[in-house]
Amino acid sequence: QVQLVESGGGLVQPGGSLRLSCAASGFTFSSYAMSWYRQTPGKERELVAIISNLSRRTNLADSVKGRFTVSRDNAENMVFLEMTNLRPEDTAVYYCNAHTSFGSSPPISPWGQGTQVTVSS
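Residues numbered from 1 in each chain as written. Predicted model: local features only at pLDDT ≥ 70, side-chain atom pairs only at ≥ 80, totals over all residues. Heavy atoms only, no water.

(A) Representation of the overall build of the protein chain. Broken down by element type, the protein chain carries zero helices and ten strands. The helix and strand sequence of the protein chain, counted from the amino end, reads β-β-β-β-β-β-β-β-β-β. Relative to a compact globule of 121 residues, whose C-alpha radius of gyration would be 14 Å, the protein chain shows 13 Å and is just as compact. Counting only C-alpha atoms, the protein chain reaches 40 × 25 × 25 Å along its principal axes. Here the protein chain holds 121 residues, and 42% of them are scored as buried. Element-wise, carbon and sulfur atoms account for 47% of the exposed surface of the protein chain, whose accessible area totals about 6,200 Å². (Helix = DSSP H or I, 4+ residues; strand = E, 2+ residues; numbered from the N terminus. Rg over C-alpha atoms; globule rule 2.2 N^0.38 Å. Buried < 20%, exposed > 50% of the residue type's maximum accessible area, 1.4 Å probe, protein only. Areas by Shrake-Rupley, 256 points an atom, 1.4 Å probe, with all protein chains shown as cover.)

(B) Structural detail: the sheet that holds strand E2 (residues 10-12). Spatially, the six strands line up as an open sheet ordered E2-E10-E9-E4-E5-E6, and their pairing is mixed. The outermost strands of the open sheet, each flanked by one partner alone, are E2 and strand E6 (58-60). Taken over all neighbouring pairs, the strand axes of this sheet differ in orientation by 25° on average, direction set aside. (Pairing = 2+ DSSP bridges. Axes fitted to C-alpha atoms, helices over the stretch in contact; angles between N-to-C directions.)

(C) Examining the side chain of Thr115 more closely. Following the sequence through the fold, Thr115 ends up in strand E10 (residues 115-119). A distance of 2.9 Å separates the side chain of Thr115 from the backbone nitrogen of Gly9, its partner in a polar contact. With sequence-adjacent residues up to four places away left out, Thr115 is seen in contact with Glu6, Ser7, Gly8, Gly9, Leu20, Ala92, Val93 and Tyr94. (Polar contact = N/O pair within 3.5 Å; in protein donor to acceptor, adjacent residues only side chain to side chain. Contact = heavy atoms within 4.5 Å.)

(D) Broad picture of the state of the cysteines. Applying the stated criterion across every chain yields a total of one disulfide. In this model, Cys22 is linked to Cys96 through a disulfide, with the two sulfur atoms separated by 1.9 Å. On the S-S bond that ties Cys22 to Cys96, the torsion sits near 55°, and the link is right-handed. Of this pair, Cys22 sits in strand E3 (residues 18-25) while Cys96 is found in strand E9 (residues 92-99), placing the two residues 74 residues apart along the sequence. Under the relative-accessibility criterion, Cys22 is labelled buried at 0%. (Disulfide = S-S within 2.5 Å.)

Structure, rendered in structure tokens:
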């Protein structure tokens, strides 16, 4: 079955950086777009970044453009979220997921445990 395991979160000061990783298994990774979402208590989960199956296209939320970069390694079935110049409002649990297309297709998998990112001084 599809398995997505996020890692790399932690506590970082404002202006700092983190690199999140997501290890995927149970499906043909290189055939799926991959995404990062985040969620804070009481709020809807929001799409932060998405990358097409062969890395030709990416899309990032306006709130993170210029600060976050999404990438993937199809040989290792991994997707990454490089986060720089972090702000307190980036504090959230971050999740990855897969999509059948780069467009508006829904995530294919139940959500994993996510990885907590806390930006605080």
